[in-house]
Amino acid sequence: MATSFFRESLISPRKPPVSRQGLRGWLHENLFSGPVNSLVTLLVGALAIYALVPVIEWALIKAQWVGDSRADCSGDGACWVYIETRLGSLIYGFYPEAQRWRVDIVFVLFVVLGIWLMVPAVPGKKVAALVGLLVFPVVAFFLLSGGFGLEHVPTRRWGGLMLTLVIASVGIVGSLPLGIVLALGRRSSMPLVRGVCVVFIEFWRGVPLITVLFMASVMFPLFVPEDFNIDKLLRALVGIMLFWSAYMAEVVRSGLQAIPSGQGEAGAALGLGYWQRMGLVVLPQALKLVIPGIVNTFIALFKDTTLVLIIGLFDFLALIKAGTSDSSWLGFAIEGFVFAALVYWIFCFGMSRYSQFIERRLYRGH
Amino acid sequence: MGSVQTTSSDIPMIELQRLNKWYGEFHVLRDIDLTVRKGERIVICGPSGSGKSTMIRCINHLEEHQAGDVIVNGITMTRDVKRVEQIRRHVGMVFQHFNLFPHLSVLDNCCLSPVWVKKTPRKKAVDTAMMYLERVKIADQAHKYPGQLSGGQQQRVAIARSLCMHPDVMLFDEPTSALDPEMIKEVLDVMIELAEEGMTMLCVTHEMGFARTVADRVIFMDEGQIIEENDPETFFNHPRSPRTRAFLGQILGH
Amino acid sequence: MLRPFDSLPRRGRGPLWRDPAARALVFQVLLLIGLASVIGLLVHNTLQNLDARGINTGFDFLDNRAGFSISQTLISYDGNSTYGRTFVIGLLNTLLVSALGIVAATIIGFTVGIARLSPNYLLAKLATVYVELFRNIPLLLQILFWYIAVIRSMPSPRQSLSLGDMVFLNGRGLFVPAPEPQTGFWFSVAALLAGSVAAMLMARHNRQRQSRTGRRLPMGWIIPALVLGLPVMVFLVSGSPLQWDVPALKGFNFSGGLTVLPELLALWIALSIYTAAFIAEIVRSGIQSVPKGQTEAARALSLPPRLTMNQVIIPQAMRVIIPQMTSQYLNLIKNSSLATAIGYPDLVAVFAGTTLNQVGQSVEIMAMTMAVYLVLSLLVSLLMNIYNARTALRER
Ligand SMILES: Nc1ncnc2c1ncn2[C@@H]1O[C@H](COP(=O)(O)OP(=O)(O)O)[C@@H](O)[C@H]1O
Ligand SMILES: [Mg+2]
């Protein structure tokens, strides 16, 4: 029954049929593979053109880019002059103009530190983290606030993008260490420690940030002795730090859970104490694993810095909002919000891309 | 293990005629010609990446070919969904990684397709399923979930699940490659039994003992083409192509 | 865990301060003392401050007359209502916008999430753009945009956008016809109930029928016919006993019909669009979490695409989707508190805002407000734990 067959010379590979190749193949595969697919392509394409063309026309082609007063904006395109004239206050808030160089220095330091921490190729991550957690905040504080011969600028004059970045950085720098402690506490074998941490974490995770900010502004003053006055910004910062430390704790905890218990046991077998085991063996691995989670929390924190406008701080968004009721520039709300959206979007999208990049790197490393 | 009696007839069950397939620019299947007659047992082997899986996946249209013909039970494969489903009813398939549905019990895995596709009354479908589960010696686990079974047990359930559709031909894609050694035998025993009952089978496997016992023909593939094809006796004892020899040398540890 | 080494002889333990059990005990005692003193100090300070400022304590204020007006009240409220009532009104408004938002976000989110998996390149890309655009812009910004730049910038009522002279949209809000049931309308409601019950019975009968004969009834038609068709029929036969109060322009504004406040509209749109971006991601990753082998096995068993989706993919994806989705719902409820920024009278705006300003009892009021969200969160996580326990895949 069995047929016998033997191929003397191999068949060499050939090119695929034309319809499968190049652009035509791609178009056929992805856009026009069947009647339904083709119809969807046409519909979505038409919708995209219909929606996109006016937007591009408004934002770019018909837009007014140069000028210095309202009168320059007469066309029906976007009036970017509106943004340009208030760019200074959007960035620095009410910071005295003569002192803005101090903010610039902090910005530059911030960017340098950010690159040092975030670009994998740059060495010395531990040093960078220490500088970022300990040195930079002190330097930045004195530069922004004054002291050592610099004129004092009270926090009520801080505002704009600068304030947004201050809140975001303090938020992350404060919430990460606290989050780590809480995460360790939640996994502790001591019932009281565990209980306190669970209650603390679940409390903050259960309430909206806005109620925390309200609490910070109306209840904190009640908690301290009468003649003791804490700064409004500081109160908000404490609230934000406590709130986000709970979310950070859950992120860190997920990392701790992913580390096999053998790691801790191996540390114990080597005679390391609890803090040595955690600090030298478990935490470094766990934190590396959850960098994407930390970055994602940071994105959420960054977006939520906008909430401080509700308790009367003038962050970037608050100034944009205030601009919509500026009587000499009425009618440019859309420009303001679009610009703000762009700024926030670039930052958040960039960070989320970074987090995906790190995730892929981690994935490869395992 | 004695040799299984040949029961094949002359009716062609599967015909692959000058089958060609490309992944992008990569020519995976080159001028494949193969006829499987009813009742015939064929073993396909070859180095990894030679296109074995791709070839048998073209038979039930899990992959689409671009040139040539696939004819199953006299029906020529096209893109037409109804026709593809019609062909798939006659063709059972067992995967390397079992692919049982983890959210359904063993019994429900077996009944899903008969009930929904063949419109079998559920009571009858359950009876059939229990019969096949009995045959693969796993009836006592019928109400467990796949995650609760060992790999070998899962693969036996997967075979029973395919059989519940009463297929005319069974395709096996390395059914024992993901199993621990002690479980390989329990699956092979089921497959041998199936062969003894006269099922038409097309197996991609490197279990050469199985090939010697069961196969009517052994096919060696490399670089997307059929290099050599012979009855097991000749294939193993007098391989003609140097590639086949090299491959057998590796796999049999000569 | 406090005394793990009880059975060891005392001599083997070394000095007391090296005994881990003793250390743990001491540490916890210190923690307890520390916590107690901090809390004690805070309470002490607070009481003193309250005393100094002449602010009352306790919940008696809830029975006092509120006397301020609220722009949207789902239950009756007037100048004589109490602060307790403002709490309920705020809570109801929070629940209203949350419910509306959850429905819309789920619909948009599922649509976008499935579109992201479409074989059509353009549609998939469009869905990706949606997700990446909206989840990376702060929600508050989106709320302010919809409120200030879009809805409040709409023309005056005289130049409203209108849909068939029934629905009107202008800077004062959205005006839609209000249904006014007449006598006899309740027959239709009864028919709806009857139809639903009948549909459930039919579904059961269908299962038994399949078991006997293998055939199924076309339930895709029967269920809508029973649940929707029957009430509609009864409605028509009983002489359409429902009238619509259509909003009409009177003077400078519309009267009659239902008014959706611009604040509610803006908040609803922004919450739905924002949350939908996250839900879309959850749906996409949930569906993609089902291994490819599952689809292949289903196809090899000749299951058609729709059955593969309904019987194999969706049941597995849902286990991943539902818990994450619930946490998005919770986020939406918490995020609805951003209402404060545009003056929609939700719980935070009314109670932790206006009421707190008038009464000054910030401790009680903040505690009540936060308790609402905490209770909701705990309730939902409880439900989720039950769900997870029930649907967990059974493994060895
Ligand atoms: N979906 C795919 N896209 C592109 N290349 C593929 C795909 N599936 C398989 N291949 C390639 O086709 C070749 C044949 O694969 P396969 O049929 O799985 O080989 P075998 O089963 O013989 O090991 C391999 O080189 C593999 O890399
Ligand atoms: Mg293979």
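About the cut-offs
Residues numbered from 1 in each chain as written. Chains lettered and ligands numbered in written order. Predicted model: local features only at pLDDT ≥ 70, side-chain atom pairs only at ≥ 80, totals over all residues. Heavy atoms only, no water. Pairing = 2+ DSSP bridges. Helix = DSSP H or I, 4+ residues; strand = E, 2+ residues; numbered from the N terminus. Axes fitted to C-alpha atoms, helices over the stretch in contact; angles between N-to-C directions. Contact = heavy atoms within 4.5 Å. Buried area = accessible area lost by both parts, 1.4 Å probe. Salt bridge = Lys/Arg side-chain N within 4 Å of Asp/Glu carboxyl O. Polar contact = N/O pair within 3.5 Å; in protein donor to acceptor, adjacent residues only side chain to side chain. Disulfide = S-S within 2.5 Å. Buried < 20%, exposed > 50% of the residue type's maximum accessible area, 1.4 Å probe, protein only. Domains from an automatic or database assignment. Nonpolar A, V, L, I, M, F, W, Y, C, P; charged D, E, K, R; others polar.

Attention now moves to the sheet that holds strand E3 (residues 173–176) of chain C. Residue and element names in this part refer to chain C. An order of E1-E2-E3-E8 is seen for the four strands of this open sheet, with the pairing classed as antiparallel. Looking at the sheet topology across the chains shown, the edges are occupied by strand E1 (161–163) and strand E8 (258–260). Averaged over all adjacent pairs, the angle separating strand axes in this sheet is 15 degrees, with direction ignored. Pairing analysis gives three bridges linking strand E2 (residues 167–170) to E3, with the strands arranged antiparallel. Bridge pairing links Phe-168 to Phe-175 in E3. Contacting E2, E3 and E8, helix H7 (residues 262–288) runs over the sheet at an angle of about 60 degrees to E8.

Before going further, it helps to spend a moment on the interface of chain C and chain A. Taken together, the contact between chain C and chain A spans 52 residues of the former and 55 residues of the latter. Here chain C meets chain A over a buried area of about 4600 Å², counting both sides, of which 76% is carbon and sulfur. The largest share of the area that chain C buries against chain A comes from Asn136(C), Leu141(C) and Met370(C), three residues that together contribute 13% of it. At the junction of chain C with chain A, the criterion picks out zero salt bridges. Scanning the region where chain C abuts chain A turns up 14 residue pairs in polar contact (both at pLDDT 80 or more).

In this structure the tally under the stated criterion is 29 salt bridges over all chains. The closest approach of N and O atoms between Glu250(A) and Arg253(A), which form a salt bridge, is 3.0 Å. Taken together, the residues Glu250(A) and Arg253(A), both in helix H11 (residues 232–258) and three residues apart, mark about one turn of the helix. Two residues, Arg284(C) and Glu281(C), come together in a salt bridge whose shortest N-O distance is 2.8 Å. Highlighted residues: Arg284(C) and Glu281(C), both in helix H7, separated by three residues, approximately one helical turn.

Turning next to the state of the cysteines. Simply put, the disulfide is a covalent bond whose two ends are the sulfur atoms of two cysteines. For the structure shown, the criterion picks out one disulfide over all chains. At a sulfur-sulfur separation of 1.8 Å, the disulfide partner of Cys73(A) is Cys79(A). In this structure the cystine formed by Cys73(A) and Cys79(A) twists about its S-S bond by roughly 70 degrees; its chirality is therefore right-handed. With no disulfide partner, Cys110(B) has as its closest neighbouring cysteine sulfur the one in Cys164(B), 4.5 Å distant. Using a relative accessible area of 1% as the deciding quantity, one classes Cys110(B) as buried.

Residue and element names in this part refer to chain A. By the assigned domains, chain A splits into domain 1 (81–92 + 158–362) and domain 2 (96–152). Each of domain 1 and domain 2 has a C-alpha centre, and the two are 18 Å apart. Listed by partner, the interface residues are 13 residues for domain 1 and twelve residues for domain 2. The largest contributions to the domain 1 side of the interface with domain 2 come from Tyr-92, Trp-158 and Tyr-354, which together make up 41% of the buried area. Linking domain 1 with domain 2 are two residue pairs in polar contact (both at pLDDT 80 or more).

This part takes up the interface of chain A and chain B. Listed by partner, the interface residues are 19 residues for chain A and 26 residues for chain B. For the pair chain A and chain B, the two sides together bury roughly 2100 Å², of which 48% comes from carbon and sulfur. Salt-bridge contacts for Asp31(B) lead to Arg14(A); the nearest nitrogen and oxygen are separated by 3.0 Å. In terms of residue class, the side of chain A that touches chain B is made up of nine nonpolar, six polar and four charged.

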